[in-house]
Amino acid sequence: MAQHWSHRQRRGGGDDRSNIKQRKCPNLGINYGLVANDLPPPKEVARLLEATRVSSIKIYSPNADVLRAFSNTDMSVVVGVPDESIPVLASSTDAAMLWITANIIPFFPATRIVSLVVGNEVLSKTSSDVSNHLVQAMENLYHALLFSNIQNVSVSTTHSMAVLETSYPPSASRFHPQIVPTMKRILSFLSSTSSSFMSNSYPYFAYKQNPELISLDYALFRPNPGFSDPNTNLHYSNLFDAQIDSIYSAIKALGYDNIPVVVAESGWPSHGDADEAGASLNNAEEYNRNLITHIASNAGTPASPNRPIRTYIFALFNENLKPGPTSERNFGLFQPDESEVYDVGLQISRPAAPPPTMDAVNLTNPRSPDSSSGSATWCIAKPSSSIELLEQILQFACQEGGADCMPIQPDGTCFNPNSLISHVSYAMNSYYQLHGRNFWNCEFNGAGMVTPSNPSYGNCVYPSQ
């Protein structure tokens, strides 16, 4: 039986703080990787990117320092969920709720988190333990967001071009038959939740693998003859557009035409090994400059003209600890000292000077989401509990139970997120701490669970003893 998912309203723009924002490219993002030991502090990175055309960052795991650094900025943030977390998150909504409580609630909405990306190229990897749990993990995280009254954060996953059995011509593109059953579930979920299909699309890798067959001019957006799709007569002048339309065709072949494609990664290395065709500084500069121009034009693709292509360039920095060939450590637009590897017209002003007291006081989120105090434990509500039971628990805990429920009143520090499960969790924990922190003090007819992870966030402090 098909599952139905409620539509959710997309987050709108933001404030109009300066002419910098007007010069931002709304569909240009960048991947902020951390596989290095020489990168600048996240607060410096936030100031650096605020002075560029970049409007969004994508991180590969929920890093507390990074999420705090981008609070109260114009930058949106896409948060990755590591592959190894997928089986646990698929096990229950309670597990997903704990993940959201620890990794999203402490920062949202001060940090403009707009999407969760569950796993990276999972369907192209060999571990069935992860891929078999992917869709359930996405569903559980989606429900956990709703339970937390967070309605503007989408959930998706990224795919490599290897999910396609064929990609030429673009109109004939199809997914590999063995992944079609899982892909149908993913597409159903994305369609019903108004989420995007996220693709890692690299003309560089296609050229590297077939330099005799693929023209470098075609891969770099240079003037070239291109080719026409024999089925549609649409003309393609660059490989990037052909890759995107191949994804659209494969999606449409499974019955969906309402799912936008977001390019989660695309880039070109500035240096590589001798056998890595095309990896050079000049090619990297030319590809990324032309890619940014293409994105900013909102021209779309031949099959989807005037449909903007939100794209996240890979990557922000050269990361010196990445394994693999030399190219893997040379995709960055910036060096760790914040100087540009090459100029692609990204910067639009000088980075703002750091506030003198920024490191002394953290007003946005004074406690880390994974902070704990020795053997301290807290009690929170299970998201799977019925609304009726949660309402009964809230009334009991705040009245005869003696819990301190002032912080969850409209003017209280824990009122937001204004959701039943959030308020009940606070009241249950207050009762649990007041009555001795025994496991039976968190039973609540099966609706409570004890956790060693501090659920405090922002100025909302969950008491502990």
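Calculation rules
Residues numbered from 1 in each chain as written. Predicted model: local features only at pLDDT ≥ 70, side-chain atom pairs only at ≥ 80, totals over all residues. Heavy atoms only, no water. Helix = DSSP H or I, 4+ residues; strand = E, 2+ residues; numbered from the N terminus. Contact = heavy atoms within 4.5 Å. Areas by Shrake-Rupley, 256 points an atom, 1.4 Å probe, with all protein chains shown as cover. Disulfide = S-S within 2.5 Å. Buried < 20%, exposed > 50% of the residue type's maximum accessible area, 1.4 Å probe, protein only. Expected span 1.5 Å × (residues − 1). Arc of directions from axis to C-beta. Phe/Tyr/Trp six-rings, centres within 6.5 Å; stacked < 30°, edge-to-face > 60°. Salt bridge = Lys/Arg side-chain N within 4 Å of Asp/Glu carboxyl O. pLDDT = per-residue confidence, 0-100. Pairing = 2+ DSSP bridges. Axes fitted to C-alpha atoms, helices over the stretch in contact; angles between N-to-C directions. Parallel < 35°, antiparallel > 145°, perpendicular 65-115°, else oblique. Left-handed = near helix turned anticlockwise from the far one by under 90°. Nonpolar A, V, L, I, M, F, W, Y, C, P; charged D, E, K, R; others polar. Core = buried A, V, L, I, M, F, W, Y, C linked by side-chain atoms within 4.5 Å.

Caption draft 1: A look at the overall build of the protein. Along the protein, the regular secondary structure elements total 14 helices and 14 strands. Looking at the protein alone, contacts between residues at least 24 apart form 72% of all its contacts between residues at least 6 apart. Approximately 20000 Å² of the protein is accessible, and the part contributed by carbon and sulfur atoms is 50%.

Caption draft 2: View of the state of the cysteines. If you walk through the whole model with that rule in mind, you get three disulfides. The partner cysteine of C379 in its disulfide is C442, sulfur to sulfur 2.0 Å. Of note, the bridge from C379 to C442 carries an S-S torsion of about 85° and is right-handed in sense. Of this pair, C379 sits in strand β13 (residues 378–381) while C442 is found in the loop between α14 (420–434) and β14 (448–451), placing the two residues 63 residues apart along the sequence. Disulfide partner of C398: C405, at an S-S distance of 1.9 Å. Across the S-S bond linking C398 and C405, the dihedral sits near -90°, which makes this disulfide left-handed. Take C398: its relative accessible area is 28%, and that puts it in the partly exposed class. The exposure class assigned to C405 is buried, which follows from its relative accessible area of 8%. Shown here for the protein is a disulfide pattern of 1-5, 2-3, 4-6, where each number marks a bonded cysteine counted in sequence order.

Caption draft 3: Quick peek at helix α12 (residues 281–297). With 17 residues, α12 extends 24 Å between its outermost C-alpha atoms, agreeing within 8% with the 24 Å of an ideal straight helix rising 1.5 Å per residue. Every buried residue belonging to α12 is among N283, A284, Y287, N288, L291, I292, H294 and I295, and all of these are buried. The arc that holds every buried residue of α12, seen down its axis, measures 165°, which confines them to one face. Across from the buried face of α12, at angles greater than 90 degrees, the exposed residues are N282 and T293. In this structure, the buried side of α12 is in contact with β1 (28–31), α9 (203–209), α10 (216–219), α11 (239–253), β11 (261–266) and β12 (311–313).

Caption draft 4: Examining the packing of aromatic side chains more closely. Under the criterion given, the structure shown has 23 aromatic pairs. Note on F227 and Y236: the rings are 5.5 Å apart at their centroids and 20° apart in plane angle, and the pair reads as stacked. According to the relative accessible area criterion, Y236 is buried, its value standing at 2%. Three or more aromatic residues joined by ring pairs form one cluster here, namely Y202, Y204, F205, Y207, F221, F240, W268, Y287, F314 and F331.

Caption draft 5: Region of interest: the pattern of salt bridges. Taken as a whole, this structure holds seven salt bridges when the rule is applied. D83 serves as the salt-bridge partner of K125, at 2.5 Å between the closest nitrogen and oxygen. With K125 in the loop between β4 (112–120) and α6 (128–131) and D83 in the loop between β3 (76–81) and α4 (86–91), this pair connects stretches of sequence that are 42 residues apart. Relative accessible area serves as the criterion here: at 18%, D83 is assigned to the buried category. Residue E328 is joined to K322 by a salt bridge in which the shortest nitrogen-to-oxygen separation is 3.6 Å. A single network of salt bridges, built from pairs that share partners, joins D217, R222 and E286.

Caption draft 6: Examining helix α13 (residues 387–398) more closely. Over its 12 residues, α13 runs 16 Å from end to end, which matches the ideal 16 Å to within 8%, given 1.5 Å per residue. For α13, the complete set of buried residues consists of L389, L390, I393 and A397. Buried residues along α13 cover an arc of 95° about the axis, so they all sit on one side. Across from the buried face of α13, at angles greater than 90 degrees, the exposed residues are I387, E388 and Q392. Tucked into the core, α13 has its buried residues touching β13 and α14.

Caption draft 7: Representation of the environment of A172 within the structure. With respect to the secondary-structure elements, A172 resides in the loop between β6 (164–166) and β7 (174–175). On a C-alpha basis, the gap between A172 and A253 in space is 8.9 Å, while along the polypeptide they are 81 residues apart. In contact with A172, not counting residues within four places along its chain, are T166 and N231.

Caption draft 8: Examining the confidence of the model for the protein more closely. Averaged over every residue, the pLDDT of the protein is 88; residues scoring 70 or more account for 89%. Confidence drops under pLDDT 50 across residues 356–374; counting only partners more than four residues distant or on other chains, this segment forms 36 contacts.

Caption draft 9: Geometry of the sheet that holds β1. The strand order around the closed barrel built from eight strands is β1-β2-β3-β4-β5-β8-β11-β12, with neighbouring strands paired in parallel fashion. Ignoring which end each strand starts from, the neighbouring axes of this sheet average 25° apart. Sheet analysis places β3 next to β4, joined by six bridges and oriented parallel. Considered in β4, the bridge of V81 is made with V118. Lying on the sheet, helix α8 (residues 180–192) is in contact with β5 (154–160) and β8 (197–200); it crosses β5 at an angle near 145°. Against the sheet, α12 contacts β1, β11 and β12, and its axis sits at roughly 160° relative to β12.

Caption draft 10: Structural context of the packing of α13 against α14. Running from amino to carboxyl end, α13 crosses α14 at an angle of 40°, the nearest separation of the two axes being 9 Å. The angle between the axes of α13 and α14 places the two elements in the oblique class. Here the hand of the crossing between α13 and α14 comes out left-handed. Residues I387, L390, E391, I393, L394, F396, A397 and C398 of α13 pack against L420, H423, V424, A427, M428 and Y431 of α14. Of the residues in the contact of α13 with α14, the class split is 12 nonpolar, one polar and one charged.

Caption draft 11: Spotlight on the nonpolar core. With 130 residues, the main nonpolar core has I57, F70, F175 and F197 as its most contacted residues. Residues V78, M198, V262 and Y312 belong to the second largest nonpolar core, which totals seven residues.

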